[in-house]
Amino acid sequence: MEIIVKDTVEDMSKTAARAVARILNAKPDAVLGLATGSTPLGLYKELVRMHKDEGLDFSQVTTFNLDEYVGLTQNHPQSYHYFMHENLFKHINIPKQNIYIPSGTTDNYAAFCAWYEQRIQQCGGIDLQLLGIGSDGHIAFNEPASSFGSRTRIKTLARQTIEDNARFFDTLDQVPIYAITMGVGTILEARKIILLANGKNKASAVASAIEGPVTSMITASALQLHRDVLYVVDREAAGDLKMLEYYEWIQAKMVDAP
Ligand code: GLP
């Protein structure tokens, strides 16, 4: 795992955007796994800027989103479909048919989940998966006790996640209880993973994921089993890391590494 600590959310977002751009420049038809939430907003803003000012091209890119709330229609302001359209897709030149987001309104979830997994395979697998982290250490909507072998499926959200995400809804009751989400097993198959985290409320989850035991109680800890993971976090989210000095030492020395 590589751990980069940035002083500001803006630096965090720009560092991640540069990593995405490097992949797209090397492989213009890359398959990206995308995340929602407030954390990647700055990253998407920067990708949009790079598209407009520097010609970053998405014309051959395919995307698969991690998750969606069950029961929210695509034009519901809190649906992840709506989020992605508003914050990224409508501003870049990605063809509509290359965008995949789990459906929160299908009448056959089992069939949809199997099809979603199959589409990822048919598109060649995910080259780069972007992730945030829940305050309970979840990735996508893989709540505590999600199997590391799990695939795209329906999950019941944890109380803490419902409370965390209530800030986007008018009342707690409006937060959906179920979500459709890629599994931990699906995520681990991505060739490269970048996890972003900012803010004090993520410090404990980030420390558990990076330095704690590998446990399905903190599904982000599964990333310790992946061979190409980059954490880009701000100083607040890095606040509980015991080996922080070491990670910063590595970053400083990397420039001259053989
Ligand atoms: C939701 C999403 C996750 C996201 C998490 C953190 O639970 N399913 O993919 O990482 O929220 O969200 P935020 O970035 O808003 O803190």
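Above this note sits the structure.
Residues numbered from 1 in each chain as written. Predicted model: local features only at pLDDT ≥ 70, side-chain atom pairs only at ≥ 80, totals over all residues. Heavy atoms only, no water.

Asks: Provide a residue-level description of the pattern of salt bridges, including the pertinent values.
Replies: This structure, assessed with the given rule, holds 13 salt bridges. Notably, a salt bridge pairs lysine 27 with aspartate 127, separated by 2.9 Å at the nearest N-O pair. Of the two residues, lysine 27 sits in the loop between α1 (9-26) and β2 (31-34) while aspartate 127 sits in the loop between α4 (109-122) and β6 (128-131), which places them 100 residues apart along the sequence. For lysine 27, a relative accessible area of 33% gives the class partly exposed. Measuring nitrogen to oxygen at the nearest pair gives 3.0 Å for the salt bridge that ties glutamate 189 to arginine 151. Of this pair, glutamate 189 sits in the loop between α6 (184-188) and β9 (192-197) while arginine 151 is found in the loop between β6 and β7 (153-156), placing the two residues 38 residues apart along the sequence. A residue is classified by how much of its surface remains accessible, and glutamate 189, at 45% relative accessible area, is partly exposed. Each member of the salt-bridge network shares a partner with another, and the members are Glu46, Arg49, Asp53 and Glu54. (Salt bridge = Lys/Arg side-chain N within 4 Å of Asp/Glu carboxyl O. Helix = DSSP H or I, 4+ residues; strand = E, 2+ residues; numbered from the N terminus. Buried < 20%, exposed > 50% of the residue type's maximum accessible area, 1.4 Å probe, protein only.)

Asks: So, helix α2 (residues 41-54): which residues are in play, and what are the values?
Replies: Look at α2: 19 Å from first C-alpha to last across 14 residues, which is about the 20 Å you get at 1.5 Å a residue. The complete set of buried residues in α2 reads Leu43, Tyr44, Glu46, Leu47, Val48, Met50 and His51. Those residues of α2 that are buried lie in contact with α1, β2, α3 (80-87), β6 and β9. Looking at the residues trailing α2, positive phi occurs at glycine 55, about 75°. (Expected span 1.5 Å × (residues − 1). Contact = heavy atoms within 4.5 Å.)

Asks: Would you mind going over the environment of arginine 167 in detail, with residue names and values included?
Replies: Counting through the fold element by element, arginine 167 comes out in the loop between α5 (159-165) and β8 (178-181). Judged by its relative accessible area of 53%, arginine 167 is exposed. Remark: the alpha-carbon pair of arginine 167 and phenylalanine 58, spanning 109 residues in sequence, is separated by 32 Å. Of note is the side chain of arginine 167, whose polar atom sits 3.0 Å from the side chain of serine 38. (Polar contact = N/O pair within 3.5 Å; in protein donor to acceptor, adjacent residues only side chain to side chain.)

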